[in-house]
Amino acid sequence: GAVVSQHPSWVICKSGTSVKIECRSLDFQATTMFWYRQFPKQSLMLMATSNEGSKATYEQGVEKDKFLINHASLTLSTLTVTSAHPEDSSFYICSASGRSYNEQFFGPGTRLTVL
Amino acid sequence: QKEVEQDPGPLSVPEGAIVSLNCTYSNSAFQYFMWYRQYSRKGPELLMYTYSSGNKEDGRFTAQVDKSSKYISLFIRDSQPSDSATYLCAMSGGRGRQLTFGSGTQLTVLP
């Protein structure tokens, strides 16, 4: 299967700061990338869908000004959590799909803790 | 009613048992069906992918899709303690489109 990486795997920040999470497809071109958040013992919640070179499409209830998504190339998408607050603490996971695949491949996730 | 229903468990079986995991869904537009395995604090790992109805086997894993009943299954033969994880079913209506997930079934295989 295809490989997706995320960086960092774990980040702690102070309330009010911004945090950037990177998602990379390592061995394929990701035409579409998805961003999810997951709370303990819950399933994944889709936050937004981004296509390379286009603005992201956000799910209902997700603040686009707070969760900035950029998908500038076919191998990289970034999620920036702006002015983070403790309630933004969560597990953030990206996934990617490409022209050669029908499936989505997930990254290992980023654990964000906001103090 | 959720679009995808999955029994959250927890499910506990002895090592070597056959495990059956299931999901039902209501959206007849779903065509692509996937099973993911997720270990604690890790991203989901794709186990099986099936297009439309039918069976697919890969090692100890067998995925079945019955579109007429809107029912999908994952069977794990000769289960191992390393299979202990949360199993998520997921489906989509088209290539590259967003996935709709089940709530996940937590499986524990006891040695």
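Here's a quick rundown of the structure. (Residues numbered from 1 in each chain as written. Chains lettered and ligands numbered in written order. Predicted model: local features only at pLDDT ≥ 70, side-chain atom pairs only at ≥ 80, totals over all residues. Heavy atoms only, no water.)

### Brief notes about the environment of Val4 of chain A
You can see Val4 of chain A is positioned in strand 1 (residues 4-7). The spatial distance from the C-alpha of Val4 of chain A to the C-alpha of Thr75 of chain A is 9.2 Å, given a sequence separation of 71 residues. (Helix = DSSP H or I, 4+ residues; strand = E, 2+ residues; numbered from the N terminus.)

### Regarding the pattern of salt bridges
Under the definition given, this model contains six salt bridges over all chains. Put simply, Lys66 of chain A and Asp88 of chain A hold a salt bridge, and the shortest N to O gap is 2.9 Å. In this pair, Lys66 of chain A sits in the loop between strand 6 (57-58) and strand 7 (67-73) while Asp88 of chain A sits in the loop between strand 8 (76-81) and strand 9 (90-98), placing the two residues 22 residues apart along the sequence. Comparing Lys66 of chain A with Asp88 of chain A shows no difference in burial state: the two are buried. Across the salt bridge formed by Arg37 of chain B and Glu45 of chain B, the nearest N and O atoms sit 3.0 Å from each other. By relative accessible area, Glu45 of chain B is classed as partly exposed at 36%. Look at the salt bridges and you will find they share partners, linking Arg37, Glu45, Arg60 and Asp83 of chain B into a network. (Salt bridge = Lys/Arg side-chain N within 4 Å of Asp/Glu carboxyl O. Buried < 20%, exposed > 50% of the residue type's maximum accessible area, 1.4 Å probe, protein only.)

### Focus: the state of the cysteines
Overall, the coordinates contain two disulfides over all chains when judged by the stated rule. At a sulfur-sulfur separation of 2.0 Å, the disulfide partner of Cys23 of chain B is Cys89 of chain B. Sign of the S-S torsion, about -105° for the bond between Cys23 of chain B and Cys89 of chain B, identifies this disulfide as left-handed. Note that Cys23 of chain B is positioned in strand 3 (residues 19-25) and Cys89 of chain B in strand 9 (residues 85-92), a separation of 66 residues in sequence. For Cys23 of chain B, a relative accessible area of 1% translates into the label buried. Not part of a disulfide, Cys13 of chain A finds its nearest cysteine sulfur in Cys94 of chain A, a span of 18 Å. We classify Cys13 of chain A as buried; its relative accessible area is 9%. (Disulfide = S-S within 2.5 Å.)

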